[in-house]
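Spelled out, the chains give:
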2 protein chains.
Amino acid sequence: MILELNFNSDEALYIQLRNQIILGIATNRFHEGDVLPSVRQLADAVGINMHTVNKAYTVLKQEGFVKVDRRKGAVIAIDANRLEAIEEMRVELKVLLAKASCRNISREEVHALIDEIYEEYGGLSQ
Amino acid sequence: MILELNFNSDEALYIQLRNQIILGIATNRFHEGDVLPSVRQLADAVGINMHTVNKAYTVLKQEGFVKVDRRKGAVIAIDANRLEAIEEMRVELKVLLAKASCRNISREEVHALIDEIYEEYGGLSQ
DNA sequence: ACTGTGTTATATCATGTGTATAACAAGTGG
DNA sequence: CCACTTGTTATACACATGATATAACACAGT
């Protein structure tokens with residue numbers, strides 16, 4: 001597990017955990033069926049409270065990235081609701097691209113940035 | 001001024017204001033040199049506190065979208081620091097695209113979404 | 001029985017958000 | 001000069017959120 005937390009960030013710890021796990025899935029370091037550490041283990045490993053990890057797992061469950069098996073713990077299980085995901089992405093992109101447009105960043109430059117980042121993400125088929 | 005606030009949103013009011021003003025610049029409804037309403041006027045118009053508007057203007061000033069003229073008030077003035085803006089965008093895109101990748105949204109679909117949104121943003125030359 | 005899961009319930013503390021009232025320095029227009 | 005509006009600052013309060021701490025519960029595995 002390579003999870004690093006920035007305690008000086010303005011981003012909540014449980015959001016950082018959530019993001020890194022999603023990053024981990026996208027970069028193929030976590031696979032469907034993999035079991036995440038228990039809330040107590042992970043909390044101990046990164047030096048934070050159990051409840052903070054639990055909140056991260058709860059969010060991941062609600063967002064459809066893990067399912068919780070009472071016996072095993074949190075298991076990677078992706079619920080690919082594409083339509084919902086695309087609409088959510090559109091909302092986030094609107095503000096992000098507005099900032100880019102104000103800064104004279106071209107459509108082509110954004111495309112190049114997308115490609116660069118997407119290179120590391122293999123899609124679920126990998 | 002077409003500024004609408006969602007009081008039920010989990011997004012802070014001053015962030016909503018900031019975003020809508022940035023959207024307004026990108027969609028060419030605000031132009032370089034335009035004067036924004038005074039903090040008291042805008043606060044009264046949308047039904048919130050003066051300090052909340054002030055905070056939005058302060059953030060916009062720090063992010064380089066407006067300059068404050070003691071005589072006029074808040075004036076649209078874009079400080080196009082491209083390098084900084086691109087790095088900021090890369091960080092935001094990483095998580096956003098990771099989610100997309102997990103949901104089996106292809107690189108091409110993201111490009112299409114970018115194009116769709118960018119159609120409304122004219123770039124600063126318009 | 002014992003341990004390790006997730007889960008739930010309180011409680012506490014710090015921080016962020018939004019409001020409220022007030023005051024200040026400075027520019028504008030009568 | 002005077003009244004008014006500008007941004008700015010300070011203080012205070014209520015409320016929600018983030019993070020911690022301690023504790024307990026139901027359930028599964030050994």
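Above: the structure in question.
Since this is a predicted model, take the numbers as computed values, not measurements. (Residues numbered from 1 in each chain as written. Chains lettered and ligands numbered in written order. Predicted model: local features only at pLDDT ≥ 70, side-chain atom pairs only at ≥ 80, totals over all residues. Heavy atoms only, no water.)

Trainee: For this particular structure, what's the right way to read the protein's contact with DNA strand D?
Mentor: Inspection of the region around DNA strand D gives 23 residues, with A:L13, A:H51, A:T52, A:K55 and B:H51 positioned closest. Restricting the count to atoms of DNA strand D within 4 Å of the protein gives a sugar and phosphate share of 59%. Here a phosphate oxygen of DNA strand D and a backbone polar atom of A:N49 are 3.0 Å apart. Contacts to DNA strand D include B:R40, whose side-chain N or O atom sits 2.9 Å from a base nitrogen. The set of elements that each furnish at least two residues to the surface near DNA strand D consists of α1 (13–26) and α3 (50–62) of chain A together with α2 (39–46) and α3 (50–62) of chain B. Of the residues in the surface near DNA strand D, the class split is 8 nonpolar, 8 polar and 7 charged. (Near = heavy atom within 4 Å. Polar contact = N/O pair within 3.5 Å; in protein donor to acceptor, adjacent residues only side chain to side chain. Helix = DSSP H or I, 4+ residues; strand = E, 2+ residues; numbered from the N terminus. Nonpolar A, V, L, I, M, F, W, Y, C, P; charged D, E, K, R; others polar.)

Trainee: How should the relation of the copies chain A and chain B be read in this particular structure?
Mentor: Taken together, a rotation about one axis and a shift along it account for how the two chain copies relate. At an RMSD of 0.1 Å, chain A and chain B line up after a rotation of 180 degrees and a shift of 0.0 Å along the axis. With respect to symmetry, the two chain copies, as superposed, fit the operation of a two-fold axis. In terms of proximity to the rotation axis, the leading residue of chain A is A:H111, whose C-alpha is 3.2 Å off the axis. An overlap of 100% is found between the interface residues of chain A and their copies at the interface of chain B, pointing to a shared contact surface. (Least-squares fit on C-alpha atoms with pLDDT ≥ 70 in both. Contact = heavy atoms within 4.5 Å.)

Trainee: Explanation requested: the protein's contact with DNA strand C in the structure shown.
Mentor: Around DNA strand C sit 22 residues, and of these A:R70, B:L13, B:H51, B:T52 and B:R71 come closest. A breakdown of the atoms of DNA strand C within 4 Å of the protein gives sugar and phosphate a share of 61%. Between B:R40 and DNA strand C, the recorded distance is 3.4 Å, taken from a side-chain N or O atom to a base nitrogen. Going through the elements one at a time, α2 (39–46) and α3 of chain A together with α1 (13–26) and α3 of chain B are the ones with two or more residues in the surface near DNA strand C. With 4 residues, α3(B) is the largest single contributor of residues to the surface near DNA strand C.

Trainee: Sorry, what's going on with the interface of chain A and chain B here?
Mentor: Tallying the contact residues gives 47 residues for chain A and 47 residues for chain B. Between chain A and chain B, roughly 4900 Å² of surface is buried when both sides are summed, and carbon and sulfur atoms account for 67% of that area. When the area that chain A buries against chain B is broken down by residue, the three leading residues are A:C102, A:R103 and A:Y118, summing to 16%. Joining chain A to chain B, the criterion identifies 10 salt bridges. With a shortest N-O distance of 2.6 Å, B:E109 and A:R82 are connected by a salt bridge. Where chain A meets chain B, there are 20 residue pairs in polar contact (both at pLDDT 80 or more). Among the secondary structure elements, those contributing two or more residues to the side of chain A that touches chain B are α1, α4 (82–102) and α5 (107–118) of chain A. It is α4(A) that contributes the most residues to the side of chain A that touches chain B, 17 residues altogether. Looking at the side of chain A that touches chain B residue by residue, the class counts come to 25 nonpolar, 8 polar and 14 charged. (Buried area = accessible area lost by both parts, 1.4 Å probe. Salt bridge = Lys/Arg side-chain N within 4 Å of Asp/Glu carboxyl O.)

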